[in-house]
Amino acid sequence: MHAYEVATEPLKSVDDWDDYVAARYKKGKSEEEFRNYKADANPGVTEFYRQNHANQTLDFVLAKEAEYLPLRRRKMGMWEALDYLNTLVDDSDPDTDLSQIEHLLQTSEAMRQDGQPRWMVLAGLTHDLGKVLCLYGEPQWAVVGDTFPVGCAWSSEIVFPEFFAANPDRNVPEYQTLYGIYEPSCGLDKVHMSWGHDEYIYRVTKDYLPEPAHYMLRYHSFYPAHRHGAYRHLMNQHDVKMFEWVNKFNPYDLYSKGGARPKLSEVKPYYEDLIAEFYPAELQF
Ligand code: FE
Ligand code: FE
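Quick look at the structure, then. (Residues numbered from 1 in each chain as written. Chains lettered and ligands numbered in written order. Predicted model: local features only at pLDDT ≥ 70, side-chain atom pairs only at ≥ 80, totals over all residues.)

1. Details of the overall build of the chain
Consideration 1: Along the backbone of the chain there are 12 helices and 2 strands.
Consideration 2: When the helices and strands of the chain are placed in sequence order, the string is α-α-α-α-β-α-α-α-α-α-α-α-α-β.
Consideration 3: Computed over the C-alpha atoms, the radius of gyration of the chain is 18 Å, within 12% of the 19 Å expected from 2.2 N^0.38 for a compact globule of 285 residues.
Consideration 4: Each principal axis of the C-alpha distribution contributes one length, and for the chain these read about 55 × 45 × 35 Å. (Helix = DSSP H or I, 4+ residues; strand = E, 2+ residues; numbered from the N terminus. Rg over C-alpha atoms; globule rule 2.2 N^0.38 Å.)

The structure is reproduced here in C-alpha cells:
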C-alpha cells in the first residue's frame with residue numbers, strides 16, 4: 001500500500017497543468033498579474049496543486065528515485081516512446097489523435113524554424129516524454145506540476161504555498177530551514193526535486209545529449225528558479241550559467257501551442273534522421 005493519498009485525478013488531462021502555466025506566464029502580463037496566479041487556475045488545477053503540495057515529501061521523492069532511476073522499467077526506441085505516450089488519452093482534446101505528440105512537435109518545430117542547434121530541437125521533441133509515468137499508474141501530482149526542492153524550506157515563489165500546510169515535512173524541523181539537508185551552494189545535482197516527468201526523462205536521455213540539454217530537460221518545470229530566481233542559495237556558479245539554457249528553452253515550451261499543427265507525415269523524415277543521429281535504437285526507460 002502507498003502511504004500517500006490516492007485521490008481521484010483532478011485534471012481532465014495532464015496538459016491542463018501545462019495550459020495553466022502558459023496562462024500564468026502569458027506574454028505581456030505585468031508582475032502584479034503574475035502574482036494573481038489563482039485567477040488562471042480552475043478548480044481542477046487548484047485541487048491538483050493541493051494534492052501535489054500535500055504529498056511531495058522527501059521520503060516520497062527518495063522512494064520514487066529508487067523505483068525509477070535505475071531505469072529498469074522497459075526498453076523503447078524514441079518513436080516507440082512517442083507512440084506509447086500518445087496512448088495517454090486526453091479527454092479534453094477529442095479532435096486530435098496526436099494530442100501528446102503534438103505539443104512535443106510544436107515545441108521542436110518552433111526551435112527548428114528559429115535555426116536552433118539540432119540537439120536542442122531534439123531536446124524539444126523529447127522534453128515531456130517523462131509523462132509516460134502516468135501510464136505506469138503514477139498519479140498526476142507525481143508526474144506534472146511546478147517542481148521544487150524537497151528536504152529544505154519551501155520558497156514563497158512556489159504557487160499555492162498555503163497547500164504545504166498539509167505536507168508531513170512541515171513537522172520535520174531539519175527540513176524547514178533555508179538549507180535543510182543541503183549545504184550552501186551545493187549545486188542542484190545534489191538536490192532532490194519534487195518527483196515528476198523532468199528528472200525521469202533527463203535520466204533516460206542524459207548519455208546522449210549535451211549538457212545544456214540536460215538542464216533544459218531536468219529543470220524545465222522548476223518555475224520557482226528559472227522564472228522567479230528562487231533557490232539561488234542551493235545553486236552553484238555552473239548551475240547559474242547553465243540556467244541561461246533553461247531560460248532559452250522555456251518560451252518554446254510555453255508559447256509554441258496554438259500554432260500550426262505539424263503534419264507528422266511531413267516532418268517524420270527529419271525527425272527520424274535527428275533521432276538516429278543522437279539516440280541508440282533503444283533507450284532504457
Ligand atoms: Fe513538461
Ligand atoms: Fe512541455
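Picking up after the structure, the text goes on.
2. Comments concerning the packing of helix H1 (residues 15-24) against helix H3 (residues 43-55)
Consideration 1: Closest axis-to-axis distance for the H1/H3 pair is 10 Å, and the angle between their directions is 105 degrees. Of the possible angle classes, the one that applies to H1 and H3 is roughly perpendicular. Residues Asp16, Trp17 and Tyr20 of H1 form the contact with H3, whose own contacting residues are Gly44, Val45 and Phe48. (Axes fitted to C-alpha atoms, helices over the stretch in contact; angles between N-to-C directions. Parallel < 35°, antiparallel > 145°, perpendicular 65-115°, else oblique. Contact = placed C-beta atoms within 7 Å.)

3. Re helix H12 (residues 264-278)
Consideration 1: Between the first and last C-alpha of H12 there are 20 Å, a value that for 15 residues agrees with the 21 Å anticipated at 1.5 Å per step.
Consideration 2: Of all the bends in H12, the greatest measures close to 30 degrees and is centred on tyrosine 270. (Expected span 1.5 Å × (residues − 1). Bend = angle between axes of the 7 residues up to and from the residue.)

4. Concerning the nonpolar core
Among soluble globular proteins, nonpolar side chains are generally buried collectively.
Consideration 1: Core analysis: the largest hydrophobic core is formed by 66 residues, its most contacted members being Trp17, Ala81, Met216 and Val246.
Consideration 2: Contacts of valine 246, omitting those with residues within four sequence positions, involve Tyr215, Met216, Tyr219, His220 and His226. (Core = buried A, V, L, I, M, F, W, Y, C linked by C-beta atoms within 7 Å. Buried ≥ 20, exposed ≤ 12 C-beta atoms within 10 Å, placed from the backbone.)

5. Quick look at the packing of helix H8 (residues 197-205) against helix H9 (residues 211-218)
Consideration 1: Look at H8 against H9: their axes get within 8 Å of each other, and the N-to-C directions meet at 155 degrees. Considering their axes alone, H8 and H9 lie roughly antiparallel with respect to each other. Contacts between H8 and H9 pair Asp198, Glu199, Ile201, Tyr202 and Thr205 from the former with His214, Leu217 and Arg218 from the latter.
Consideration 2: Here the residues of the contact of H8 with H9 are counted per class, giving 3 nonpolar, 2 polar and 3 charged. (Nonpolar A, V, L, I, M, F, W, Y, C, P; charged D, E, K, R; others polar.)

6. Things to note about unusual backbone geometry
Consideration 1: Despite not being glycine, phenylalanine 160 has its phi angle at roughly 50 degrees, a positive value.
Consideration 2: Notably, serine 185 is not glycine yet its phi reads approximately 50 degrees, a positive angle.
Consideration 3: Looking at the element boundaries, serine 185 is found in the loop between helix H7 (118-126) and H8.
Consideration 4: A residue is classified by how many C-beta atoms lie within 10 Å of it, and serine 185, with 14 of them, is partly exposed.

7. Structural notes on H1
Consideration 1: Turning to H1, its buried residues number three or more, namely Asp15, Asp16, Trp17, Tyr20, Val21 and Arg24.
Consideration 2: Lining the buried residues of H1 we find helix H2 (31-35), H3, helix H6 (99-113), helix H10 (223-226) and helix H11 (237-255).

8. Examining the environment of valine 204
Consideration 1: Take valine 204: it is sitting in helix H8.
Consideration 2: Classification of valine 204 as buried rests on a count of 25 C-beta atoms within 10 Å.

9. Thoughts on the environment of glycine 44
Consideration 1: Relative to the elements of secondary structure, glycine 44 occurs in helix H3.
Consideration 2: Look at glycine 44 and you get partly exposed, because 17 C-beta atoms sit within 10 Å.
Consideration 3: Discounting residues that sit within four places of it in the chain, glycine 44 has contacts with Pro10, Leu11, Lys12 and Asp16.

10. Considerations on the environment of lysine 75
Consideration 1: Structurally, lysine 75 can be placed in strand E1 (residues 75-76).
Consideration 2: Sequence-wise, lysine 75 and threonine 87 are 12 residues apart; in three dimensions their C-alpha atoms are separated by 17 Å.
Consideration 3: Those residues in contact with lysine 75, other than ones at most four positions away along the chain, are Glu282, Gln284 and Phe285.

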